Amino acid sequence: MKKVLVLEDEENIRSFVVINLRRAGYDTVEAATGEEALTQLKNNPGIGVALLDLMLPDIDGFEVCRRIRSTNNKIGIIMLTARTQEMDKVTGLMSGADDYVTKPFSPAELTARVDALFRRTGSEPALEPGELFRHPFLLNTRNRTLEKNGQRVKLTQVEYGLVKLFMENPGKAMSREEILDAVWGKDYFGELKIVDVNIRRLRIKIEDDAQNPVFITTVWGYGYKWGA
Ligand code: CA
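It should be emphasised that the depicted structure is a prediction, and the values quoted were computed from it without experimental measurement.

S.K.: Describe the environment of Ser 175, and please don't skip the residues or the numbers.
M.R.: Note that Ser 175 resides in strand β10 (residues 174-175). Once the C-alpha coordinates of Ser 175 and Ala 116 are considered, the two residues, 59 residues apart in sequence, prove to be 37 Å apart. When near neighbours in sequence (up to four residues on either side) are disregarded, Ser 175 contacts Tyr 222 and Gly 223. Engagement of the side chain of Ser 175 in a polar contact is seen with the backbone nitrogen of Glu 178, the distance being 3.1 Å.

S.K.: So what's going on with the environment of Leu 132? Residues and values would help.
M.R.: Positionally, Leu 132 belongs in strand β6 (residues 131-134). Expressed as a C-alpha distance, the spacing of Leu 132 and Arg 113, which sit 19 residues apart in the sequence, is 26 Å. Setting aside chain neighbours within four positions, we find Leu 132 in contact with Phe 137, Leu 138, Leu 139, Met 167 and Glu 168.

S.K.: Before we move on, can you summarise the domain arrangement of the chain with the specific residues and values?
M.R.: Considered domain by domain, the chain is made up of domain 1 (3-120) and domain 2 (131-226). Each of domain 1 and domain 2 was reduced to a C-alpha centroid, and the two centroids are 29 Å apart.

S.K.: Could you give an account of unusual backbone geometry, with specific residues and numbers?
M.R.: For the peptide bond that leads from Lys 103 to Pro 104, omega is -5°, which places it in the cis range. Mapped onto the fold, Pro 104 is located in the loop between β5 (99-103) and α5 (107-121). Phi at Arg 144 is positive, roughly 55°, even though this residue is not glycine. When you line up the elements, Arg 144 lands in the loop between β7 (137-140) and β8 (145-148). Phi is positive for Asn 149, close to 50°, though the residue is something other than glycine. Taking the relative accessible area as the measure of exposure, Asn 149 reaches 44% and is therefore partly exposed.

S.K.: Kindly report on the pairing of strand β3 (residues 47-53), identifying the contributing residues and their values.
M.R.: Across the 7 residues of β3, 7 count as buried, placing the element largely inside the fold. Relative to β3, strand β1 (residues 3-7) is paired through 5 bridges, and the arrangement is parallel. Within β3, the position partnered with Leu 7 by the bridge is Leu 52. For β3 and strand β4 (residues 76-82), the ladder comprises 5 bridges, and the chain directions are parallel. Residue pairing for β4: Leu 51 is matched across the bridge by Ile 78. For the segment spanning β3, helix α3 (residues 61-71) and β4, crossover handedness is right-handed.

S.K.: Kindly report on helix α6 (residues 157-168), identifying the contributing residues and their values.
M.R.: The end-to-end C-alpha distance of α6 is 16 Å, a good match for the 16 Å that 12 residues give at a rise of 1.5 Å each. Among the residues making up α6, those that are buried are Glu 159, Tyr 160, Gly 161, Leu 162, Val 163, Leu 165, Phe 166 and Met 167.

S.K.: Describe the packing of aromatic side chains, and please don't skip the residues or the numbers.
M.R.: Following the criterion strictly, the structure yields 6 aromatic pairs and no others. Taken together, the ring pairs connect Phe 137, Phe 215 and Trp 226 into an aromatic cluster.

Rules behind the numbers
- Residues numbered from 1 in each chain as written.
- Predicted model: local features only at pLDDT ≥ 70, side-chain atom pairs only at ≥ 80, totals over all residues.
- Heavy atoms only, no water.
- Helix = DSSP H or I, 4+ residues; strand = E, 2+ residues; numbered from the N terminus.
- Contact = heavy atoms within 4.5 Å.
- Polar contact = N/O pair within 3.5 Å; in protein donor to acceptor, adjacent residues only side chain to side chain.
- Domains from an automatic or database assignment.
- Buried < 20%, exposed > 50% of the residue type's maximum accessible area, 1.4 Å probe, protein only.
- Pairing = 2+ DSSP bridges.
- Right-handed = clockwise from strand over helix to strand, strands pointing away.
- Expected span 1.5 Å × (residues − 1).
- Phe/Tyr/Trp six-rings, centres within 6.5 Å; stacked < 30°, edge-to-face > 60°.

Structure, rendered in structure tokens:
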């Protein structure tokens, strides 16, 4: 059965969510604090989607999201935000959330979002040799193509080289020099700036919001890395 983590400190909201998810056929795991949620995730590797409330008694939902994403790119994450927290969407995107549900929400709305996210994250394709999947991207090193959520992203050869380098080294901070050597070759005598220019263009193609990148992130004063 598909398993959903429900992190919400307000018990009445939590049980409302849990009851409705169970009715919709989901298995649920509950947490009332951020720490509890992180422990539950460790103990339940089968959780496919996590619903994270923002305002919690210990660490806030964004931080929980960041900590989950630092080790797990596959799980789907939906933030539960209040109407007044609309501006927090940007912060949520930066911390790695996939979707938002604004309180108060109807059971139908919530389960529709969870269903949709399961369809997206659960549709991890059976990989062929030469394919690399990092949700929502599928890289094919045989025909040098990239898909995002099943849609082809048109890349130049340099952009392809960059994406491949990052997807093969998730979470690893890479300096501009390192990136230049790997993608342009050690005998390339150009300026480091070419790395920034190409990453800026690549972000426009692959990020949901190029101003707030979550896939290729900046390591200030150093370079770039894949993921938050
Ligand atoms: Ca709360």
